[in-house]
Amino acid sequence: MPRESSPVVPKGRRMCKAHPDKELELYCEKCETLMCLDGMVKDHWNHNYVLATKANESHIPNVKELAEKVKGKQLTIEQALEKIDKIRSQLGKQRAAEEDKVRTEFSILANMLHQRESELLDAIKQEENEKQGILQYQRKKLEAALLRIRKECEKANTTIADKSSPYNFIENKSKIVHSLKQLRDEKFPLDPEEDDFLFFVNSDPSLRVKIQSFGTIVGTINGKAGGDSVIEAMKKNKESIGVQERGCEALISISQNYEGRIAILEASGIATVLRGMKNHRQEATVQEKASIVLRNLCGKSDEVREVVGASGGVPIIVDALVKHASNPD
């Protein structure tokens, strides 16, 4: 038998799958689906329905409104993603900046430690040379004294042992006794009773205290003010009168106690203060405050005064006194 052909559906029309010969003309509001007239009686009894053409008119605005809301949500998400990418980029830049900052600070600290190491090694070598010279001089003095003692003792023994004449001993007695008494009462260098021994620099406990305190006090002298330490700020802004003046004010406060003074010395503070005085000779305030810092650092310490002198401080201080002689401070 010839196969029955499917009914031809006119263009633009939709046929019901459950009832192929029926057109989808209605829209069930409850089931939200298209239906034919037979479906109204069978599958969608007592449901609310409207013509399919009317359903389009009523639902298109709702779908458009919902689409606009979703589109707004899409824009919000896109902006959030853009913000996340921006923050991630900023974080990368911040990390790089912080890493550079840490490297710079540790480089400065390493340079300070290296400089302090060189200073200590030079100081030890210099002190050894000085004390070797003193000991060499004392050795020569002691050797000369030893020769005199041996000579006088030998002379005394020879005189005592001389039996050739009963008058020889009596005639030489006064000279021998006088020489022996002089030798007995004379004070020689490094006499054990005089406590005149020279101690080497590394036996001085204060030096170890200075080295130990550096690690704990460096935070004080490097106390951050606007991202820079006091001394580092003065170094970086050596041409700024204001920075030099305020830096010296901070160092005056720090140098009020022992640990603060040690920290300033460890951070090459003397050279920095002197440089500020040299660069701003005409500024009376800078000269005044820098001089107070140097006075606090020197105190009664001959060692610090020697450092000031070795750093070229004497002519700079004299120049300040001459240029600002009229300043009562």
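Residues numbered from 1 in each chain as written. Predicted model: local features only at pLDDT ≥ 70, side-chain atom pairs only at ≥ 80, totals over all residues. Heavy atoms only, no water.

1. Details of the overall build of the protein
Looking only at helices and strands, the protein has eleven helices and three strands in total. For the protein, the proportion of contacts with a sequence separation of at least 24, taken over those separated by at least 6, is 53%. (Helix = DSSP H or I, 4+ residues; strand = E, 2+ residues; numbered from the N terminus. Contact = heavy atoms within 4.5 Å.)

2. Some thoughts on the sheet that holds strand 3 (residues 49–51)
The sheet built from three strands is open, its strands ordered 2-1-3 with antiparallel pairing. Every other strand in the sheet has two partners, leaving strand 2 (33–35) and strand 3 as the edge strands with one partner each. Between one strand and the next, the sheet's axes are offset by a mean angle of 35°, whatever the strand orientation. Looking at chain direction, strand 1 (residues 26–28) and strand 2 are connected through three bridges and run antiparallel. For Leu-26, the partnering residue across the bridge sits in strand 2 and is Met-35. Packed on one face of the sheet, helix 2 (residues 52–161) meets strand 1, strand 2 and strand 3 and runs near 100° to strand 3. (Pairing = 2+ DSSP bridges. Axes fitted to C-alpha atoms, helices over the stretch in contact; angles between N-to-C directions.)

3. Notes on the pattern of salt bridges
As enumerated under the stated definition, the model contains ten salt bridges in all. For Asp-100, the salt bridge is made with Arg-103, and the minimal N-O distance between the two is 3.4 Å. Of the two residues, Asp-100 and Arg-103 both sit in helix 2, three residues apart, roughly one turn of that helix. We classify Asp-100 as partly exposed; its relative accessible area is 45%. A salt bridge links Arg-305 to Asp-302; its shortest N-O distance comes to 2.9 Å. Here Arg-305 pairs with Asp-302, and both are found in helix 10 (residues 302–310), just three residues apart, close to one helical turn. What makes Arg-305 partly exposed here is its relative accessible area of 40%. Its relative accessible area of 52% is what places Asp-302 among the exposed residues. (Salt bridge = Lys/Arg side-chain N within 4 Å of Asp/Glu carboxyl O. Buried < 20%, exposed > 50% of the residue type's maximum accessible area, 1.4 Å probe, protein only.)

4. Considerations on a nonpolar patch on the surface
On the surface, a cluster of nonpolar side chains totalling about 270 Å² of accessible area is made up of Ile-77, Leu-81 and Ile-84. With respect to the secondary-structure elements, Ile-84 resides in helix 2. Ile-84 gets classed as partly exposed once you look at its relative accessible area, which sits at 45%. (Patch = residues over 30% accessible without salt bridge, like charges linked within 9 Å, V, L, I, M, F, W, Y side chains within 5 Å. Areas by Shrake-Rupley, 256 points an atom, 1.4 Å probe, with all protein chains shown as cover.)

5. Topic: the side chain of His-280
Along the chain, His-280 falls in the loop between helix 8 (269–279) and helix 9 (284–298). Setting aside residues up to four positions removed in sequence, His-280 forms contacts with Lys-238, Glu-239, Ser-240, Ile-241, Gln-244, Val-286 and Gln-287.

6. Topic: the state of the cysteines
One pass over the structure, following the stated rule, counts zero disulfides. No disulfide involves Cys-36; its nearest neighbouring cysteine sulfur is the one of Cys-16, lying 3.8 Å away. (Disulfide = S-S within 2.5 Å.)

7. Focus on helix 11 (residues 313–323)
Buried residues of helix 11: Gly-313, Ile-316, Asp-319 and Ala-320, and no others. The buried residues of helix 11 occupy an angular sector of 130° when projected down its axis, which confines them to one face. Relative to its buried face, helix 11 has exposed residues pointing more than 90 degrees away, namely Val-314, Pro-315, Leu-321 and Val-322. Where the residues of helix 11 are buried, they touch helix 8, helix 9 and helix 10. (Arc of directions from axis to C-beta.)

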